[in-house]
Amino acid sequence: MNGATSLKDAATGNAEALAARADRAELAVYTRLPFVPVRGEGCYLFDAAGKRYLDFYGGHAVAITGHSHPKVAEAIAAQARQLLFYSSAVLSAVRVEATELLLRHAPHPDSRVFHCVSGTEANEVAFKIARKLTGRRKIISFERSFHGRTLASLSAAGLPKYRVTAGPVLVPHHVHIPFGDEAALARELDGDTAGVICETIQSLAGIFAAPDAFYRRMAELTAKAGAVLIFDEIQTGFGRTGTYFFADGVGVKPDLITLAKGIASGIPAAAVIVAPHLAKQIGSGDQGTTFGGGPVAMAAMKATLEVIESEGLVENAARMGALLLRKLTGMTGIKAIRGKGLLLGLELDRAASPVVKALIERGVVAGTSSDPQTLRLLPPLIIGEAQVNEFVGTLTPVLSHATA
Ligand SMILES: Cc1ncc(COP(=O)(O)O)c(C=O)c1O
């Protein structure tokens, strides 16, 4: 098949033909959602027939500034025209500018940033830093957490369903304890513990947070044990929970914060924010990755940070999250609502996956999770009251039907 045919299948909305060809050419990854977006604008996606979808999923929490935000798209295009790529082996003004903007929000003054490409890579680097700098081996993570798909990230996964995808051999010295269990944490933090990694709100699991005080206790216990505290803010980072980082909201200053997903609005980019006491022990040559900190990714990150600031998206996430919570509380079919800001899990009285299908048919995209009854909401941080009303107005009749 040639490129012209492929464009034709997408442009004419021949989703079945495209699916058949994808199945022959691509390795299977996720369960495929039943729509084919060909264009995005703000909170909306459009298929080839022009049908509009309100996106409350964001392509796995990525579209934080919405789809194809004009300022982000323009920054990417301008940078691509000027210099599409050179590695971090050279100085780059756009990288310095993006990094300085990012560091304005770092928990510790004088932190440093390592730029990489994916969330799992950022976590891999965090494990490496923790182990190398402490000279210890053990990494503690929490049951039901998810940290990515490399062998070490999978070994840290608290969801056994993902750990088994690593095959017969996991990376040793990873232990998993119940989320929020202070006694278990105190017990496991021993002289061989290099680090503790915490997915701040367990998203893939179905949106589970611990009580605020637990995060602070985790920080105290980890510091006391001489281990490195890693906050995986790959979903919560950059404003989604109503503060720049989730860590700010619970009053914790982690040693390492890992970021990815929306930090460059969809251009692959990830980062590790490294506290100064660790950064000063990391020398040239200890880290590196070809594409990390590339000019297009940095232009996208800089523009994303500027948009977040100029459009007040952190505050908006808090406001719209509260509005959603108010409007969804007590709705027929919803048993509980978990999460914070614009990272919400609606525990339904029925399976979530048919609800997602029904919503997509009605022009709204939402997500499922590892919990079969939890509907996951990860909308762009730019949503307004109109989108909240549209979502609620679409979900209400879907859930008012009797449980299947
Ligand atoms: C909390 C968390 N950590 C890590 C990852 C892995 O990120 P990536 O898919 O960019 O490797 C994800 C991705 O879903 C995530 O949600």
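Quick caveat, the model's predicted, so the values are computed rather than measured.

1. Comments concerning the pattern of salt bridges
Note that side chains of opposite charge can pair when their charged atoms are close. For the structure on display, the rule yields 18 salt bridges. With a closest N to O distance of 2.6 Å, Glu188 and Lys138 form a salt bridge. With a gap of 50 residues between them, Glu188 in helix H9 (residues 182–188) and Lys138 in strand S5 (residues 138–142) connect regions that are remote in the sequence. Glu188 sits in the partly exposed class, given a relative accessible area of 25%. Classification of Lys138 as buried rests on a relative accessible area of 10%. Between Lys357 and Glu361 there is a salt bridge, and its shortest N-O distance comes to 3.6 Å.

2. Looking at the packing of aromatic side chains
Here the structure, examined in full by the defined rule, presents 14 aromatic pairs. With 6.2 Å between their ring centres and 90 degrees between their planes, Phe179 and Phe214 make a pair best called edge-to-face. In this pair, Phe179 sits in the loop between strand S6 (174–177) and H9 while Phe214 sits in helix H10 (residues 212–224), placing the two residues 35 residues apart along the sequence. Across the ring face of Phe46, the terminal group of Arg39 is positioned such that the distance to the ring centre comes to 4.2 Å.

3. Brief notes about the side chain of Gln235
Assignment of secondary structure puts Gln235 in the loop between strand S8 (228–232) and helix H11 (246–250). Among the residues examined, Gln235 registers a relative accessible area of 14% and is labelled buried. A distance of 2.7 Å separates a polar atom in the side chain of Gln235 from a polar atom in the side chain of Ser203. Once you skip the residues sitting within four places of it in the chain, Gln235 turns out to touch Ala61, Ser203, Arg240, Lys261, Leu343, Arg376 and Leu378.

4. A look at the sheet that holds strand S7 (residues 193–199)
The sheet built from seven strands is open, its strands ordered S4-S10-S9-S8-S7-S5-S6 with mixed pairing. Both edges of this open sheet fall to strand S4 (112–116) and S6, since each of them pairs with a single strand only. Taken pair by pair, the neighbouring strands of this sheet meet at an average axis angle of 20 degrees, ignoring direction. Here S7 pairs with S8 via five bridges, running parallel. Residue pairing for S8: Gly195 is matched across the bridge by Val228. Most of the contacts of H10 go to S8, to which it runs at about 150 degrees, and overall it touches S5, S7 and S8.

5. Section: the sheet that holds strand S13 (residues 364–365)
If you trace the four strands from one edge of the open sheet to the other, you get S1-S2-S3-S13, paired in mixed fashion. If you trace the sheet from one side to the other, it starts and ends with strand S1 (37–41) and S13, each paired once. Where strand S2 (residues 44–47) and strand S3 (residues 52–55) come together, three bridges link them in antiparallel fashion. The residue of S3 that forms the bridge with Leu45 is Tyr53. The strands touched by helix H16 (residues 385–400) within the sheet are S2, S3 and S13, with S3 carrying the most contacts at an inclination of about 105 degrees.

6. Considering the domain arrangement of the chain
Split into domains, the chain comes out as domain 1 (33–65 + 312–400) and domain 2 (70–310). Between domain 1 and domain 2, the residue contacts involve 26 residues of the former and 31 residues of the latter. For the pair domain 1 and domain 2, the summed buried surface comes to about 2300 Å²; carbon and sulfur atoms form 61% of the total. Taken together, domain 1 and domain 2 are joined by zero salt bridges. Summed over the shared surface of domain 1 and domain 2, the result is eleven residue pairs in polar contact (both at pLDDT 80 or more). Elements with a minimum of two residues in the side of domain 1 that touches domain 2: helix H3 (58–61), helix H14 (313–328), strand S11 (334–340), strand S12 (343–348) and strand S14 (374–377). The dominant element in the side of domain 1 that touches domain 2, judged by the number of residues it contributes, is H14, at four residues.

7. Considering the side chain of Asp255
With respect to the element layout, Asp255 can be found in the loop between H11 and strand S9 (256–259). There is no salt bridge for the buried Asp255, and the closest opposite charge comes from Arg136, which lies 10 Å off by N-O distance. Side-chain polar atoms of Asp255 contact the backbone nitrogen of Leu229, separated by 2.7 Å.

The rules behind these values
- Residues numbered from 1 in each chain as written.
- Predicted model: local features only at pLDDT ≥ 70, side-chain atom pairs only at ≥ 80, totals over all residues.
- Heavy atoms only, no water.
- Salt bridge = Lys/Arg side-chain N within 4 Å of Asp/Glu carboxyl O.
- Helix = DSSP H or I, 4+ residues; strand = E, 2+ residues; numbered from the N terminus.
- Buried < 20%, exposed > 50% of the residue type's maximum accessible area, 1.4 Å probe, protein only.
- Phe/Tyr/Trp six-rings, centres within 6.5 Å; stacked < 30°, edge-to-face > 60°.
- Lys NZ or Arg CZ within 6 Å of the ring centre and 35° of its normal.
- Polar contact = N/O pair within 3.5 Å; in protein donor to acceptor, adjacent residues only side chain to side chain.
- Contact = heavy atoms within 4.5 Å.
- Pairing = 2+ DSSP bridges.
- Axes fitted to C-alpha atoms, helices over the stretch in contact; angles between N-to-C directions.
- Domains from an automatic or database assignment.
- Buried area = accessible area lost by both parts, 1.4 Å probe.
- Lys, Arg positive; Asp, Glu negative; His and termini not counted.

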